[in-house]
Structures are given as C-alpha cells and as structure tokens.
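Here is how the chains run, residue by residue.
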Amino acid sequence: MRHDEMIGKVQALAQLPDRGTAERAAHAVVSTLSERLPAGLARHVAAQLPPDMAAAMREAAEASPGPDSGTAGERFGLTAFAGRIAARAGTDENTALRDAAAVLEVLDAALAPELTERMAGALPADIRELLPVGRAVREI
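All figures in this text were calculated on a predicted structure; none of them were measured in a lab. (Residues numbered from 1 in each chain as written. Predicted model: local features only at pLDDT ≥ 70, side-chain atom pairs only at ≥ 80, totals over all residues. Heavy atoms only, no water.)

**Comments concerning the overall build of the protein**
The test is simple: Numbering of helices and strands runs from the N terminus, with a helix taken as a DSSP run of H or I at least four residues long and a strand as a DSSP run of E at least two residues long. The rule is simple: take the accessible area with a 1.4 Å probe, protein chains only, and divide by the maximum for that residue type; under 20% is buried, over 50% is exposed, in between is partly exposed. Any two residues whose heavy atoms approach within 4.5 Å are treated as being in contact. Here the accessible surface of atoms and residues is derived via Shrake-Rupley with a 1.4 Å probe, and residues count as covered only by protein chains that are part of the display.
Of the regular secondary structure elements, the protein holds nine helices and zero strands. Put simply, the protein runs from its N terminus to its C terminus through helices and strands in the order α-α-α-α-α-α-α-α-α. By residue count, 49% of the 140 residues in the protein fall in the buried class. Considering only intrachain contacts with a sequence separation of at least 6, the fraction spanning at least 24 residues in the protein is 66%. A total of about 6,400 Å² of accessible surface is found on the protein, and carbon and sulfur atoms cover 51% of it.

Structure representation (structure tokens):
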C-alpha cells in the first residue's frame, strides 16, 4: 500500500479533519507500536511499509532497549500506549485510541496476514482490542 493511500484511509477511518493530522496520528501510532513490539518484529513490519512510515517505525525500534531481534519490546499496556500516542500527536488519550484503532486497521490491510498475526500475538490483550474485530477476538 502506498503512503498517500495509507494516510487517506487513516484520515477517513478516524474522521480526521486533514491529511496533516492523519499523518501525525499515523506516525505517532507506528512509533509507539514499534516500542511495544520486539525489535526484530518491528523491523519486519517496517519492511512492508512505505519508506516514510517505515522510517518512523525503525527509529523507535532502534531506540528501544536491546537491539537484538529476539528482544521483547517495552512492557506497557493500553493506558501508556494511549498516553505516548497522545503526546506524539498532540491530542488527548481518547483521540489517540480512536486514531490507533484506525491506523491498526490500515496496517492490518497493508501487511502480510502472517506478519499481522505475529504482531497481534506480541501485544497484550488490552492493546490487541484495538485491532480490527476479526483479529482482536481470536485468542493468540
């Protein structure tokens, strides 16, 4: 999926007023998601994203503790996830959660299904609830 297409879908799904807001939301979610995922998995996800989105994900993955691909991501739940997204995007936590759900839905469509499954499996249940319904209800 191309960058412009991804941002357009995020804007529509999250009902954001403009592309700039959608861009900030997408980058905030991708960066925060990258901190939560194991570094190797974050790099695999980044490899399937458009260059601009991939860069945001790689930067966060490289900044996370332990660059080894087997290293688990940082441990934090939904509240911290929303707080980090809100801080990066300049929004409140409720808006951050809405934006995160939209970005995760777009990622679900953009990534190879097996990679999305691995990503879902690496997330705690409370964050996994933001994934599209078909994926969120499966026990992973």
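Here the narrative resumes, following the displayed structure.
**Things to note about the packing of aromatic side chains**
Here is the rule: Between rings of Phe, Tyr and Trp, where Trp is taken as its six-membered ring, a pair exists when centres lie within 6.5 Å; planes separated by under 30 degrees are stacked, by over 60 edge-to-face, and by other angles tilted. By definition, being over a ring means that NZ of Lys or CZ of Arg is both within 6 Å of the ring centre and within 35 degrees of the ring normal.
Applying the stated criterion to the full structure yields one aromatic pair. One Lys or Arg, Arg-36, reaches over the ring of Phe-76 and ends 5.9 Å from the middle of that ring. Residue placement shows Arg-84 over the ring face of Phe-76; its charged tip is 4.0 Å from the ring centre.

**So, unusual backbone geometry**
Of note in the backbone geometry, Gln-15 takes a positive phi value of approximately 55° without being a glycine. Secondary-structure assignment places Gln-15 in the loop between helix 1 (3-14) and helix 2 (19-36).

**Brief notes about the nonpolar core**
Note the following rule: Residues belong to a common nonpolar core when they are buried Ala, Val, Leu, Ile, Met, Phe, Trp, Tyr or Cys residues joined through side-chain atoms within 4.5 Å.
In this structure, Leu-33, Leu-37, Val-45, Leu-49, Met-57, Phe-81 and Leu-107 are the most contacted members of the largest nonpolar core, which totals 45 residues. Only helix 1, helix 2, helix 3 (39-47), helix 4 (51-63), helix 5 (78-89), helix 6 (93-110) and helix 7 (113-122) provide two or more residues apiece to this core. For this core, the element with the most residues is helix 6, which contributes eight residues. Once residues within four sequence positions are removed from consideration, Leu-49 is found in contact with Met-6, Val-30, Ala-54, Met-57, Leu-107 and Leu-111.

**Description of helix 5**
To keep things clear, this is the line we draw: What a helix should span is 1.5 Å times the count of its residues minus one.
Along its 12 residues, helix 5 runs 16 Å from first to last C-alpha, staying within 8% of the 16 Å computed at 1.5 Å per residue. Considering only its buried residues, helix 5 is in contact with helix 2, helix 6 and helix 8 (125-128). Downstream of helix 5 by a residue or two, Gly-90 has a phi angle that is positive, lying close to 70°.

**As for the packing of helix 3 against helix 7**
How two helices sit against one another is set out by the angle between their axes and by the gap between those axes. The following threshold applies: Axis definition: a line fitted to C-alpha atoms, limited for helices to the stretch in contact. Angles are taken between N-to-C directions and run from 0 to 180 degrees. Put simply, a crossing is left-handed when the front helix is turned counterclockwise from the back one by less than a right angle, and right-handed when it is turned clockwise. Residues are sorted three ways: Asp, Glu, Lys and Arg are charged, Ala, Val, Leu, Ile, Met, Phe, Trp, Tyr, Cys and Pro are nonpolar, and all the rest, Gly among them, are polar.
Running from N to C, helix 3 and helix 7 point in directions that differ by 145°, and their axes come no closer than 11 Å. Handedness of the crossing formed by helix 3 with helix 7: left-handed. Residue-level contacts link Leu-41, His-44 and Val-45 of helix 3 to Leu-115, Arg-118, Met-119 and Ala-122 of helix 7. Classifying every residue of the contact of helix 3 with helix 7 by side-chain character gives five nonpolar, one polar and one charged.

**Thoughts on the confidence of the model for the protein**
Defined as follows: Confidence scores here are pLDDT values: one per residue, from the predictor, ranging 0 to 100.
Averaged over every residue, the pLDDT of the protein is 88; the share at 70 or more is 88%. At the low end of the mean pLDDT range in the protein sits helix 9 (residues 133-136), at 54; at the high end sits helix 5, at 97. Across residues 136-140, confidence stays below pLDDT 50; counting only partners more than four residues off in sequence or on other chains, it has 10 contacts.

**Quick look at the environment of Glu-35**
Let me state the cut-off plainly: Counting of polar contacts relies on pairs of N or O atoms within 3.5 Å, with two restrictions inside protein: one atom must be capable of donating a hydrogen and the other of accepting it, and residues adjacent in sequence are counted only when both atoms are side-chain atoms.
Of note, Glu-35 is situated in helix 2. On the basis of relative accessibility, which here comes to 11%, the residue Glu-35 falls in the buried class. The sequence separation of Glu-35 and Arg-58 amounts to 23 residues, and the corresponding C-alpha distance is 9.6 Å. There is a polar contact of 2.4 Å between the side chain of Glu-35 and the side chain of Arg-88.

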